[in-house]
Every structure is written in C-alpha cells, then in structure tokens.
Amino acid sequence: MELSIDNKELEKFLMIGDKVLVKPTNPQGKTKSGLLLPPSVQEGEKLQTGYVIKIGPGIPLPSQQEEDEAWKKKENNVSYLPLQAKEGDLAIYLQNAGFEILINEEKYLILPHSSILMLIRDEELFE
C-alpha cells in the first residue's frame, strides 16, 4: 500500500502511540564482489536501515486512579511509556513491518516501534 501526500511540512505530522516515521537510507547497490544488484533484490532484503524522523509519544499506560466514588470528577490524564528511539537515530528494522508513504515525492516508512531491532545513536552529529 502506498499513500502520497503532497506539499506538506514534516513538522505538522504527529505520530500516534508507538509509531515511528523513518526515512530509508539507500540500500547497497553492489555485492562485496562488485556485482550490481537490481532494485527488486535490494527491496527484498529482510533488514533495512533508515533514519528516525519523528516518533510517537510512546505506549499508553492504564490509568492508576481509584474509582471509589462515582460522583468524583475523573481526569483523563494519559501517561505514556516513552520509546527508545530518538529523532536522528539510525534504525535497523524489519522491512515488511512498515507502511510506505510518499511525502513531497520522498519515500518514508511508518513502523511500529517493535519492528526496530537496533538503534545507532551518534551524539556527536548534533553538537
């Protein structure tokens, strides 16, 4: 499934729950011996890499309020278990777990946080 969104700014996008927006990196076009790989083979790999662009607030936690009095006003304070991924991390993820979308003609993936197998965080990139 592919969704195309034109002329939108990424700052206006909000990720929901444990979802992560990833911009895939260009896969290797050659084998170690120097053979060129067609795009169909590159996209068929089980693991892919990409940079984390936006993250959701996390996994919602159940409310800890006691419901002893029915007449008390219930506040809807939702708390979240934060995600490990941070914006700018390089993620290694399962290819088939994501949904591909096009934003301003660039390919992005929406992934559940559970499909990310490993993160590479280089703090020096942001200094």
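Here goes a summary of the coordinates provided. Along each chain, the written sequence defines residue order, and numbers are assigned to residues from 1. Per-residue local features are limited, in this predicted model, to residues with pLDDT of at least 70; the limit for side-chain atom pairs, both in listing and counting, is 80 or more; totals at the level of whole chains, interfaces and linings are taken over all residues. Hydrogen atoms and water are omitted, and side-chain values are computed over all heavy atoms in the structure.

**Considering the overall build of the protein**
Strands are runs of DSSP state E lasting at least two residues, helices are runs of H or I lasting at least four, and both sets are numbered from the N terminus onward. Tallying secondary structure elements over the protein gives 1 helix and 9 strands in all. Reading the protein from its N end, one meets helices and strands in the order β-β-α-β-β-β-β-β-β-β. Two residues qualify as a contact provided that any one of their heavy atoms is within 4.5 Å of a heavy atom in the partner residue. Sequence-distant contacts in the protein: of pairs separated by 6 or more residues, those separated by 24 or more amount to 74%. Split by element, the accessible area of the protein, about 9800 Å² in all, is 53% carbon and sulfur. Exposure was quantified through the Shrake-Rupley algorithm and a 1.4 Å probe, taking into account, for residues, occlusion by the shown protein chains and nothing else.

**What about the pattern of salt bridges?**
Charged atoms that come close allow side chains of opposite charge to pair. Whenever Lys or Arg places a side-chain nitrogen within 4 Å of a carboxyl oxygen from Asp or Glu, that contact is recorded as a salt bridge. In total, this model carries 4 salt bridges according to the counting rule given. Among the salt bridges present, the one from Arg 121 reaches Asp 89, with a minimum N-O distance of 2.7 Å. Highlighted residues: Arg 121 in the segment after β9 (116-120) and Asp 89 in the loop between β5 (79-81) and β6 (90-94), separated in sequence by 32 residues.

**Focus on the pairing of β6**
In summary, the side chains of a regular strand alternate between the two faces of the sheet. Per-residue accessibility, obtained with a 1.4 Å probe over protein chains only, is compared with the maximum for each type, and a residue is labelled buried under 20%, exposed over 50%, and partly exposed between these values. Counting buried positions along β6 yields 4 of 5 residues, so the element is predominantly enclosed. With 5 bridges joining them, strand β3 (residues 47-55) and β6 adopt antiparallel strand pairing. Paired with Thr 49 across the strands is Ile 92, a residue of β6. As defined by bridge partners, β6 adjoins β9 across 4 bridges and the pair is classed as antiparallel. Within β9, the residue paired with Ile 92 across the bridge is Met 118. A pair of strands is treated as paired once DSSP finds two or more bridges between them.

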